[in-house]
Amino acid sequence: MPPRRAAVPSFAKVNLSLKVLGKRADGYHELRTVFQTVGLHDQIEFEFTPARRGLAVELEDALAIPDNLVLRAARLFCESEGVRGRLRMKLSKRIPMGAGLGGGSSNAAAVLLALGPLTGRCCTPDSLHAIAASLGSDVPFFLYGGTALGLGRGEELYPLPEAPPWNVLIVAPPVHVSTGEAYQALGRPALTSPFDSRKLNVFQSFVWRMEDLSGSENDFEAAVFALHPELERWKRKLERFGAHAARLSGSGAALFGVFPDRAKLQGALPKFSKEPLKVFSTTMLSRARYRARVLGSLREHVAGNTWPPVSRYERHEL
Ligand code: C5P
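Residues numbered from 1 in each chain as written. Predicted model: local features only at pLDDT ≥ 70, side-chain atom pairs only at ≥ 80, totals over all residues. Heavy atoms only, no water.

With that settled, the discussion passes to the site of the ligand. Around the ligand sit Gly27, Tyr28, His29, Leu31, Gly136, Ser137, Arg153, Thr179, Gly180 and Tyr183, and those are all the residues in its vicinity. Within the side chain of His29, an N or O atom sits 2.7 Å from an oxygen atom of the ligand. Within the side chain of Ser137, an N or O atom sits 2.5 Å from an oxygen atom of the ligand. Here the ligand loses 70% of its free accessible area of 460 Å² to cover by the protein chains. Elements supplying a minimum of two residues to the shell around the ligand: β2 (29-50) and α4 (179-185). Here the shell around the ligand gets three residues from one element, more than from any other, and that element is α4. Looking at the shell around the ligand residue by residue, the class counts come to three nonpolar, six polar and one charged. (Near = heavy atom within 4 Å. Polar contact = N/O pair within 3.5 Å; in protein donor to acceptor, adjacent residues only side chain to side chain. Areas by Shrake-Rupley, 256 points an atom, 1.4 Å probe, with all protein chains shown as cover. Helix = DSSP H or I, 4+ residues; strand = E, 2+ residues; numbered from the N terminus. Nonpolar A, V, L, I, M, F, W, Y, C, P; charged D, E, K, R; others polar.)

As structure tokens, this is what we get:
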């Protein structure tokens, strides 16, 4: 049987708002966040050759990322769906790693979305979500994309009205913040009880009128800025050069500025060229665009306009 091929985009996210409540009995922190996909993306190339028996999974990854989520996601999917054959993948990275932009989580979700259509196995949305959540708290969001409310440890998701396709300037410093360590660094006042009503009210009022990003907050900023003061300087610089709002993304260390006005973003870009930063000019990506881009990349393998994408191959064709 001939190999089936696809090159699937894997988009980054920013957190338009991120409130951390308290630490839960399971050790995770209870969150209230608004996730937003942006156009900045990695690419994963797939080649799947079905076979009657055996499974071989390979990844070509120039950065040799240890314990790569791409491999873990592929193995979990294939084991849970009984896939047999040879799967070769190639990961081309643009999203800075360990930056709070969800790159690794997005890569894992892109694998889960692609493997159904490519292998002819059709995971239910619930089991796909469960596999995603077992890989990481942010992975399920990337099964949906767009603007979404994230509760729990970030895996409980609700679609929100789409944010406008605003321009986003992302600046990523050469600083790596481990998510686990960032949570450890949180103390009062960032860390409260899981039911802090003031914090819940602040978050809810932001979600009700998201067009005004001035109400957004990221609870990691105080702790992460204390460790890396240059980040606060860059946040202020984004604001000074016209960003409607500038925030840390996730637990950092990337910062993003939202520019409703494209000319202002173009004007701000050169101001960062001499800084030791990776700079990306992109736009917010709606759920519809996100799905169209992923479905488009899998077009020849997908039956209809379904989401999550369903394979056009018969499950038992071997
Ligand atoms: O779920 P994920 O593997 O991305 O989380 C990485 C680490 O971040 C966890 O091991 C945990 O220490 C911390 N975390 C947390 N609360 C969350 C999400 C992550 O404490 N809601």
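Strands sit in the order β8-β9-β7-β10 across an open sheet of four strands; the sheet is antiparallel. Unpaired on one side and paired on the other, β8 (245-248) and β10 (278-283) mark the two borders of the sheet. Sheet twist, expressed as the average angle between the axes of neighbouring strands with direction ignored, equals 20 degrees. Of the pairings in the sheet, the one linking strand β7 (residues 167-172) to β10 comprises six bridges and is antiparallel in character. Each bridged residue has a counterpart across the sheet, and for Val168 the counterpart in β10 is Thr282. Docked against the sheet, helix α7 (residues 229-240) engages β7, β8 and β9 (255-259), running at close to 10 degrees with respect to β9. (Pairing = 2+ DSSP bridges. Axes fitted to C-alpha atoms, helices over the stretch in contact; angles between N-to-C directions. Contact = heavy atoms within 4.5 Å.)

Another aspect to go through is the pairing of β9. Counting buried residues in β9 gives five out of five residues, a clear majority hidden from the surface. Covered by surrounding structure in β9 are Leu255, Gly257 and Phe259 together with Phe256 and Val258, the residues of both alternating faces. Here β7 runs beside β9; their pairing, made up of five bridges, is antiparallel. Residue pairing for β9: Asn167 is matched across the bridge by Phe259. (Buried < 20%, exposed > 50% of the residue type's maximum accessible area, 1.4 Å probe, protein only.)

This paragraph deals with helix α5 (residues 197-208). Relative to the 16 Å expected for 12 residues at 1.5 Å per residue, α5 spans 16 Å between its end C-alpha atoms, a close match to the ideal helical length. Those residues of α5 that sit buried are Lys199, Phe203 and Phe206. The arc enclosing the buried residues of α5, seen along the axis, measures out at 55 degrees, which places them on a common side. Opposite the buried face of α5, by more than 90 degrees, sit the exposed residues Arg198 and Trp208. At its buried positions, α5 is contacted by β1 (4-23), β2 and β5 (147-152). (Expected span 1.5 Å × (residues − 1). Arc of directions from axis to C-beta.)

The description of two helices packed together rests on the angle between their axes and the distance between the axes. One way to put it is that helix α1 (residues 69-81) packs onto helix α2 (residues 103-119) with a least axis distance of 8 Å and a crossing angle of 35 degrees. Of the two possible hands of crossing, α1 and α2 adopt the one that is right-handed. On the side of α1, the interface is formed by Leu69, Val70, Ala73, Ala74, Phe77 and Cys78, while α2 contributes Gly104, Ser105, Asn107, Ala108, Val111, Leu112, Leu115, Gly116 and Thr119. When grouped by side-chain class, the residues that make up the contact of α1 with α2 number 10 nonpolar, five polar and no charged. (Left-handed = near helix turned anticlockwise from the far one by under 90°.)

So, on to the packing of α2 against helix α3 (residues 125-135). Contact geometry of α2 with α3 gives a least axis separation of 10 Å together with a crossing angle of 155 degrees. On the basis of their axis angle, the class for α2 and α3 is roughly antiparallel. Once α2 is placed against α3, the crossing between them reads as right-handed. Across the interface between the two elements, Ala108, Leu112 and Leu113 of α2 pack against Leu128, Ile131, Ala132 and Leu135 of α3. Looking at side-chain class alone, the contact of α2 with α3 contains seven nonpolar, no polar and no charged residues. (Parallel < 35°, antiparallel > 145°, perpendicular 65-115°, else oblique.)

Cis rather than trans, the peptide bond between Gly252 and Ala253 has omega equal to 15 degrees. Mapping Ala253 onto the fold places it in the loop between β8 and β9. In this chain, Trp307 is followed by Pro308 through a cis amide linkage whose omega measures -10 degrees. Checked against the element boundaries, Pro308 lands in the segment after α9 (287-297).

Buried residues of α3: Leu128, His129, Ile131, Ala132, Ala133 and Leu135, and no others. Packed against the buried residues of α3 are α1, α2 and β6 (156-159).

Here we come to the pattern of salt bridges. Pairing of side chains with opposite charge becomes possible as their charged atoms draw close. Counted by the stated rule, this structure contains 19 salt bridges. Note that Glu30 is salt-bridged to Arg24, the shortest N-O span being 3.2 Å. A residue is classified by how much of its surface remains accessible, and Arg24, at 23% relative accessible area, is partly exposed. Ionic contacts of the salt-bridge type, sharing partners, join the residues Arg5, Glu47, Glu58, Arg86 and Arg88 into one network. (Salt bridge = Lys/Arg side-chain N within 4 Å of Asp/Glu carboxyl O.)

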